[in-house]
Amino acid sequence: MRGDAMRGLAVFISDIRNCKSREAELRRINKELTNIRQRFRADKTLDGYQKKKYVCKLLFIFLLGHDIDFGYMEAVNLLSSNKYTEKQIGYLFISVIMNSSTEMKQLIIQNIRNDLQSRNPIFINLALQCVANIGDREMAIAFTNDIPRLLISGDTLDAVKQSAALCLLRLHRTSSDSLQLNTEWTARIIHLLNDQHLGVATAAVSLIDALVKRNPDEYRGCVNLAVSRLSRIVTSSYTDFQDYTYYFVPAPWLCVKLLRLLQNYPPPEDPSVRSRLNECLDTILNKAQEPLKSKKVQHSNARNAVLFEAINLIIHMDCESSLLVRACNQLGQFLQNRETNLRYLALESMCLLAASEFSHEAVKKHQETVINALKSERDVSVRQRAVDLLYAMCDRSNAQDLVQEMLAYLETADYTIREEMVLKIAILSEKYAVDYSWYLDVMLKLIRIAGDFVSEEVWYRVIQVVVNRTDVQSYAAKIAFEALQAPACHENMVKVGGYILGEYGNLIALDPRSTPMIQFNLLHSKYHLCSPATRCLILSTYMKFMNLFPEIKHHIQEILRHDSNYRSSDVEIQQRATEYLRLSEICNPTVLATILEIMPPYPEKQSPLLVRLKQKKPLMEANGATESQPAASGNTDDGPKLTETAIHLNQQAQHQNGLLVSLDTPESNGHHEESTSHHSSSAKKFLFKNSDIIFENELIQVGIKGESTKSTLRIELYYGNKTNSHLTHFSADIFTPGDLQTALRMNFDPIKSTIDPKAQIKQTGTIDCIKDFAELPTMNISFLHNNMLQKIDYAFPLYLNKFIEKAEMDSNNFFLRWRNLDKPNQECQKIFPAKFPMVYNDCNQKLEDFGWSSLVGIDVNAENFCGAGIINTSTQPIGCLYRLEPNKQAKMYRLTIRSSKEGVANRLMELLEDQF
Amino acid sequence: MIGGVFIYNHKGEVLISRVYRDDIGRNAVDAFRVNVIHARQQSRFPVVNIARTSFFYTKRSNIWLCAVAKQNINAAMVFEFLNKMIDVMQSYFGKISEENVKNNFVLIYELLDEILDFGYPQNSDTGVLKSFITQQGVRPVTREEQTNVTSAVTGQIGWRREGIKYRRNELFLDVIESVNLLMSQQGQVLSTHVAGRVVMKSYLSGMPECKFGINDKITVENRTKNTTDSTNATTNPNNGATNPATTTKTAIAIDDCQFHQCVKLSKFESEHSISFIPPDGEFELMRYRTTKDISLPFRVIPLVREIGRTKMEVKVVVKSNFKPTLIGQKIEIRIPIPPNTCDVQLLCMKGKAKHKASDNAIVWKMKRMGGMKESQLSAEIELTPNDKKKWNRPPISMNFEVPFAPSGFKVRYLKVFEHKLNYSDSETIKWVRYIGKSGLYETRS
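The rules we used
Residues numbered from 1 in each chain as written. Chains lettered and ligands numbered in written order. Predicted model: local features only at pLDDT ≥ 70, side-chain atom pairs only at ≥ 80, totals over all residues. Heavy atoms only, no water. UniProt positions renumbered as here; feature names shortened; annotations may be inferred. Helix = DSSP H or I, 4+ residues; strand = E, 2+ residues; numbered from the N terminus. Buried < 20%, exposed > 50% of the residue type's maximum accessible area, 1.4 Å probe, protein only. Contact = heavy atoms within 4.5 Å. Areas by Shrake-Rupley, 256 points an atom, 1.4 Å probe, with all protein chains shown as cover. Buried area = accessible area lost by both parts, 1.4 Å probe. Salt bridge = Lys/Arg side-chain N within 4 Å of Asp/Glu carboxyl O. Nonpolar A, V, L, I, M, F, W, Y, C, P; charged D, E, K, R; others polar. Phe/Tyr/Trp six-rings, centres within 6.5 Å; stacked < 30°, edge-to-face > 60°. Patch = residues over 30% accessible without salt bridge, like charges linked within 9 Å, V, L, I, M, F, W, Y side chains within 5 Å. Lys, Arg positive; Asp, Glu negative; His and termini not counted. Charge placed at Lys NZ, Arg CZ, Asp CG, Glu CD. Core = buried A, V, L, I, M, F, W, Y, C linked by side-chain atoms within 4.5 Å. Polar contact = N/O pair within 3.5 Å; in protein donor to acceptor, adjacent residues only side chain to side chain. Axes fitted to C-alpha atoms, helices over the stretch in contact; angles between N-to-C directions. Parallel < 35°, antiparallel > 145°, perpendicular 65-115°, else oblique. Left-handed = near helix turned anticlockwise from the far one by under 90°. Expected span 1.5 Å × (residues − 1). Pairing = 2+ DSSP bridges.

Identification of chain B as MHD domain-containing protein from Adineta ricciae is taken from an unreviewed UniProt entry. UniProt annotates chain B under Sequence similarities (unreviewed entry) with the comment "Belongs to the adaptor complexes medium subunit family."

In the nomenclature of an unreviewed UniProt entry, chain A corresponds to AP-2 complex subunit alpha from the organism Adineta ricciae. In its Function (unreviewed entry) section, UniProt records this for chain A: "Adaptins are components of the adaptor complexes which link clathrin to receptors in coated vesicles. Clathrin-associated protein complexes are believed to interact with the cytoplasmic tails of membrane proteins, leading to their selection and concentration." Word for word, the UniProt comment on chain A under Sequence similarities (unreviewed entry) is "Belongs to the adaptor complexes large subunit family."

Caption draft 1: How the structure looks around the overall build of chain B. Helices and strands together make up the secondary structure of chain B, namely nine helices and 23 strands. Taking all 445 residues of chain B together, 44% fall into the buried category. For chain B, contacts bridging at least 24 residues in sequence account for 71% of all contacts bridging at least 6. As displayed, chain B has an accessible area near 24,300 Å², and 49% of this comes from carbon and sulfur atoms.

Caption draft 2: Looking closely at the interface of chain B and chain A. Contact residues are listed per partner, giving 22 residues for chain B and 15 residues for chain A. Between chain B and chain A lies a buried interface of about 1,600 Å² when both sides are counted; carbon and sulfur atoms form 41% of it. Summed over the shared surface of chain B and chain A, the result is two salt bridges. Taking the shortest distance from any N to any O, the salt bridge between B:Lys59 and A:Glu23 comes out at 3.9 Å. For the side of chain B that touches chain A, the leading source of residues is strand 17 (residues 341-348) of chain B, giving three residues. Classifying every residue of the side of chain B that touches chain A gives five nonpolar, ten polar and seven charged.

Caption draft 3: Focus on the pattern of salt bridges. All names here are of chain A. For the structure shown, the criterion picks out 52 salt bridges over all chains. The shortest N-O distance in the salt bridge between Glu405 and Lys375 comes to 3.1 Å. Note that Glu405 is positioned in helix 22 (residues 399-410) and Lys375 in helix 20 (residues 367-376), a separation of 30 residues in sequence. For Glu405, a relative accessible area of 23% gives the class partly exposed. Ionic pairing is found between Arg894 and Glu885, a salt bridge with its closest N-O pair at 3.0 Å. Since its relative accessible area comes to 17%, Glu885 is described here as buried. A network of salt bridges, in which partner residues are shared, links Glu348, Arg385, Asp388, Glu420 and Lys424.

Caption draft 4: Quick look at the packing of aromatic side chains. Residues and elements named next belong to chain A. All told, the structure shown has 39 aromatic pairs over all chains when counted by the stated rule. With a centroid separation of 6.1 Å and an interplanar angle of 80°, the aromatic rings of Phe12 and Phe60 are classed as edge-to-face. Placement of Phe12 in helix 1 (residues 7-18) and of Phe60 in helix 3 (residues 48-63) is noted, with a sequence separation of 48 residues between them. Under the relative-accessibility criterion, Phe12 is labelled buried at 1%. On the basis of relative accessibility, which here comes to 18%, the residue Phe60 falls in the buried class.

Caption draft 5: Spotlight on a positive patch on the surface. Residues and elements named next belong to chain B. Together, Lys350, Lys352, Lys354, Lys356, Lys365, Lys367, Arg368 and Lys373 give the surface a local cluster of positive charge. At the level of secondary structure, the elements contributing two or more residues to the positive patch comprise strand 18 (352-356) and strand 19 (361-370). The residue Lys352 is located in strand 18 in this model. On the basis of relative accessible area, Lys352 is assigned to the exposed category, the value being 68%.

Caption draft 6: Fine view of a negative patch on the surface. Residue and element names in this part refer to chain A. Taken together, Asp435, Asp441, Asp471 and Glu808 make up a surface patch of like negative charges. Along the chain, the position of Glu808 falls in the loop between strand 11 (804-807) and helix 39 (811-820). Residue classification places Glu808 among the exposed residues on the basis of a relative accessible area of 63%.

Caption draft 7: A look at the nonpolar core. All names here are of chain A. Formed by 228 residues in total, the largest nonpolar core has its most connected members in Ile112, Ile147 and Tyr542. Tallying contributions element by element places helix 12 (residues 198-214) first for this core, with eleven residues. Tyr542 has contacts with Phe520, Leu523, His524, Tyr527, Ile556 and Ile559, leaving out every residue within four places of it along the chain.

Caption draft 8: Structural detail: the environment of A:Tyr344. Residues and elements named next belong to chain A. For Tyr344, the location among the structural elements is in helix 18 (residues 340-355). On the basis of relative accessibility, which here comes to 23%, the residue Tyr344 falls in the partly exposed class. Ignoring anything within four residues of it in the chain, the contact list for Tyr344 reads Ser381, Val382 and Arg385. For Tyr344, the side chain forms a polar contact with the side chain of Arg385, separated by 3.1 Å.

Caption draft 9: Structural detail: a nonpolar patch on the surface. Side chains of A:Leu63, A:Leu92 and A:Val96 sit close together on the surface and give an oily, nonpolar patch of about 250 Å² of accessible area. As for its position among the elements, A:Leu92 is in helix 5 (residues 84-96).

Caption draft 10: View of the packing of helix 1 of chain A against helix 2 (residues 22-39) of chain A. Residue and element names in this part refer to chain A. Orientation of helix 1 relative to helix 2, taken along the N-to-C sense of each, is 155°, at an axis distance of 9 Å. Relative to helix 2, helix 1 is oriented roughly antiparallel. Handedness of the crossing formed by helix 1 with helix 2: right-handed. Contact residues: helix 1 offers Phe12, Asp15 and Ile16, while helix 2 offers Glu25, Arg28, Ile29 and Glu32. Of the residues belonging to the contact of helix 1 with helix 2, the class tally is three nonpolar, no polar and four charged.

Caption draft 11: Structural view of helix 12 of chain A. Across its 17 residues, helix 12 of chain A extends 24 Å between first and last C-alpha, which sits within 8% of the 24 Å expected from 1.5 Å per residue. Burial of helix 12 of chain A is extensive: 15 of the 17 residues sit out of reach of the surface.

Caption draft 12: Broad picture of the pairing of strand 2 (residues 14-19) of chain B. Inspection of the sheet shows strand 1 (residues 4-8) of chain B paired to strand 2 of chain B by five bridges, in the antiparallel sense. In the sheet register, B:Tyr8 faces strand 2 of chain B, and the bridge partner there is B:Val14.

Caption draft 13: Representation of the sheet that holds strand 8 (residues 170-183) of chain B. Residues and elements named next belong to chain B. Across the sheet, which stays open at both edges, the nine strands sit in the order 11-13-9-8-23-21-16-19-18 with mixed pairing between neighbours. Among the strands making up the open sheet, the edge pair consists of strand 11 (256-259) and strand 18. Recorded for the sheet is a direction-independent mean angle of 15° between the axes of neighbouring strands. By the bridge criterion, 14 bridges tie strand 8 to strand 9 (residues 189-203) in an arrangement that is antiparallel. Within the sheet, the bridge partner assigned to Phe172 lies in strand 9 and is Lys201.

Caption draft 14: Quick look at helix 24 (residues 436-449) of chain A. Residue and element names in this part refer to chain A. Under the 1.5 Å per step criterion, the end-to-end length of helix 24 is 20 Å for 14 residues, consistent within 8% with the ideal 20 Å. Along helix 24, ten of the 14 residues are buried, which leaves the element largely enclosed by surrounding structure. Turning to helix 24, its buried residues number three or more, namely Tyr436, Ser437, Trp438, Tyr439, Leu440, Val442, Met443, Leu444, Leu446 and Ile447. Of the surrounding elements, those touching the buried residues of helix 24 are helix 22, helix 23 (415-431), helix 25 (456-468), helix 26 (473-484) and helix 27 (491-504).

Caption draft 15: Main features of the pairing of strand 10 (residues 209-214) of chain B. Residues and elements named next belong to chain B. In this sheet, strand 22 (residues 411-417) lies alongside strand 10 in antiparallel orientation, the contact comprising six bridges. In the sheet register, Glu209 faces strand 22, and the bridge partner there is Phe417. As judged from the three bridges shared by strand 10 and strand 12 (residues 274-276), these two strands associate in the antiparallel manner. The residue of strand 12 that forms the bridge with Cys210 is Phe276.

Below is the structure:
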């Protein structure tokens, strides 16, 4: 008599467990393997029980980490047994040890197919489990029809349907391309959402969710069904679903999955469905307000899971302001919850809410709580979320407070989040700086508090801001000087201070407390404590001092001549010392003054800080959506490249930093594709940017970069070969038809006629604007690719605004001029609907990028934008003024442009009217 | 220098942990356990470096002994120390096992304190240690004993105390050799060497001075030169070995040798004579290694034939190759077979043969075998087809024990002089025994 207990197996396992050493275990296993080999010899016949036992032993040995090279056949034989236990062991074996030989695979697949087609639901389920466990390509191909049929046929049991759905999901995940689902089944699969059995519905939602991700249009019908199913669950009481009620929450898993499924689609258009969905979400929010039905943690977990998913859906739809506000309030309650996880999730969701215009204000109500969380929270990951949220909720109204709070917190903050906090503070303080002296205060404080965490980009940016803003330069010099007086300053502080004093030290030189000599001594007291890179910078500063304060020239030459510099072991320091010394000796003051002139303003590009922040965290970027500008200028060349440009020897160097279009790296390729698709929607390329891709197809990519000085626009064109072969007989010409010939004068350098594969060539040139113009020039490119002549014609996007120069003026001045330009032909006014979300900063940025100034505080209404610019043509400068009035309720803009020359206002209007 | 010594059981639990230097932290104990004892892949190196700390270890039965050092120290010294420590422990409580280590752990700590000082190895002579570290618990030590111990340990002859007295002066000399061989299928010797030890057990009174003579080539040649110089002035008729023709034949070339600390090395260097004052009891007088003119006691002739994918035939012949009057003992031949064996049929003329599935080998044992004899085993092996990897036949190995020294090592004399007590050399009773054992004695099949 032997039962089903497999005593032999139990004995074997206990033997192994009792082995004292690895060697003993190996010996026992070798013995057993020989025994099993003897049993499995071809000429012996074994009954099912024995086969099962030995296969089990083999499986156990395999799981201990030993190689098994036989016994597959016996395992496959077990599959065709009629006993459940034997079949089960067989399936277990092959799903754990899958033999890669093809014939064996065919055999296994045949066996599985037999079981799938059998009438015994238990066997079908075993087979489905096995398919799901192996889940490889061959299985997907072999059962691409059988399993869906099981899923949709009317007579299969619920349990089988459930397994079939999950099995299909698994195959879809592992090899979605080889799984071909017949489109006739779509409707029936969707209808599984309505299945009586909640288990089937739950499994089906997961499957449909995966299918929807692949082919959203085909499964659009699921939205209505999902909403109705959801509303049935949400509105019923928990007693209605006996088995599927989890701690008083009706079918939480199904709810969560349905809510996720709905996040794949935009809010339903059908008003009835929509109102029903809103009702559901409303009910879920209401339920969260009810007292807990149980003290058990599972109850609250299940309830909150549904709630959070509902909030995610609300955020995703982003159209029901009442729901958004309610969600926000609910999250606000969670912020004070005892559960750390709950607080974490609440902060995370709130970050998303803050990005929505409807709930931004509501989120701001919780500012105090969030700041408290930042200060008192014990879990660092929660604090991190709190920082994210503060960053997301920051706007002009609360920026000062928030930045102060974050700065205060930074002193005690966890090391892991410091660098990110520094970046965020830097970005916020710059973005919302009303007063740039405040910005400088914040930044210097930042460097003082967390100098180690201030990355290069941060202090580069400080300098960029100072250089570009003439009004704060003397203040900057003053506070930099003060900051350097601290007995111990961080090296980054020395860098910033050194740079600023070098440029603007003269602005404070009249103060007896900061005479040139004092400045110089102060800086030099730090010199020997710094790294070589910083010393190089300081040497450049000394050189600038030489220009600013000729009276201390002697001292500086002394320093340069000193052995520690002149014969420094660091090549860079040595070279600088030598060159500067020589320069100071042979040049007369006027030449020196030209060479050591003040740095010109930096071209305004995207702040490198945002780029840096994005690099750090590609996913978490609440405000990222609003920064629509792609990370094109991701090179750090934006910064004041100290090593090259500290001494402004060659202005040309500025224009040549970095290639605009680089085909070499795949990232940049991907990025440029993205940017072209972005611009295909708003056709006017190169309108707001100083660099852009103006043309791209599968063969070639043309990039442009421009910089204007007065009426001359210096242009760099980049032609990139995207193919793997040479492009020959390449020529590119720009034509100025008709009137344009008299308005523009172009001058382009010749270019090479061949472009190597995956390489690019550059063409430089200048365009002079003689008078204002309306049409666009055309560009004509031709080349031979694989001996086929390719010709490309398109409009060269050169707009009038490239020649606009910013004009700054105060309120009186502005309105005086405004009133002066009151002839009918001088004004153009249009009202147009908003095409983009009406965010103040975006508009402001766009107007600035367009070329004219955006003057703050001129108009009585703070929402309005005013500004001025001068169009430089070589015949005459044309002044132009504008006023942009957004109407948020109506989602409309009114733009008024006045210009000193007739007709120009209309042209500018044409360029701008569909850009907001 | 050694920073610490740890002893673990087979599960990696620490039984003994003695740290000598501050640079070894507690985490070193765990580091070794995790990285060596519990390692996924068995470590094959005797020295492991983890986080800039070296771990030197050996394993005895189920016990791991591990010495730890942070510095770059002489590894050979550490292993010598570990082996010595094992010897010492064995002489105190016999077999080294978890049980014994646990029962004697106070003793072991005491020993560890004595034989290592701040990581520097100290006197580890069992005899001396036993005079002041005993297992009988704390015993009141008299002043006299204390001074004795101190003078013995610190004196010039640290390995022997004064005032030993035996009724019968006796000494035993064992020459124990292990033969290592690797032979090709065709019977060609690929490499061979003998590692020999001379172990002495002395029960001699007073402070005897001994002189030990062997048939080393250099010594023998020196002697013959001397004797021929003195124109056969010898009066000893027994000493026929002075004939140069016979000496060259029987003399052996020792590649390198090593002596117990009691041997006066200066004398060995200048006169090539081995003279010493022996410690009391058992000790290892010398170690040596030879590689030339080794007489191999056994020859194994394998014959393997693979018949198809599922069958294999193995025939092994063993020939003994020494004087017929001698008898080899404890003969065991281990024939590896493929791992995919499912059944083995065996047939042998002599002794017992068995298929050991747990080791994937056939083990053939014979209790004894006379000289110049021959014996044979044949086996039929059934295999399960396996197309994965080809089996690379491991060599056939053999174990045995024979009553002679395969290197040809001979003890020529051992003279004892005791000046104070004045017992003569002829009064001492001397026993000499030769044992030849197998080391790694392998033949490729």
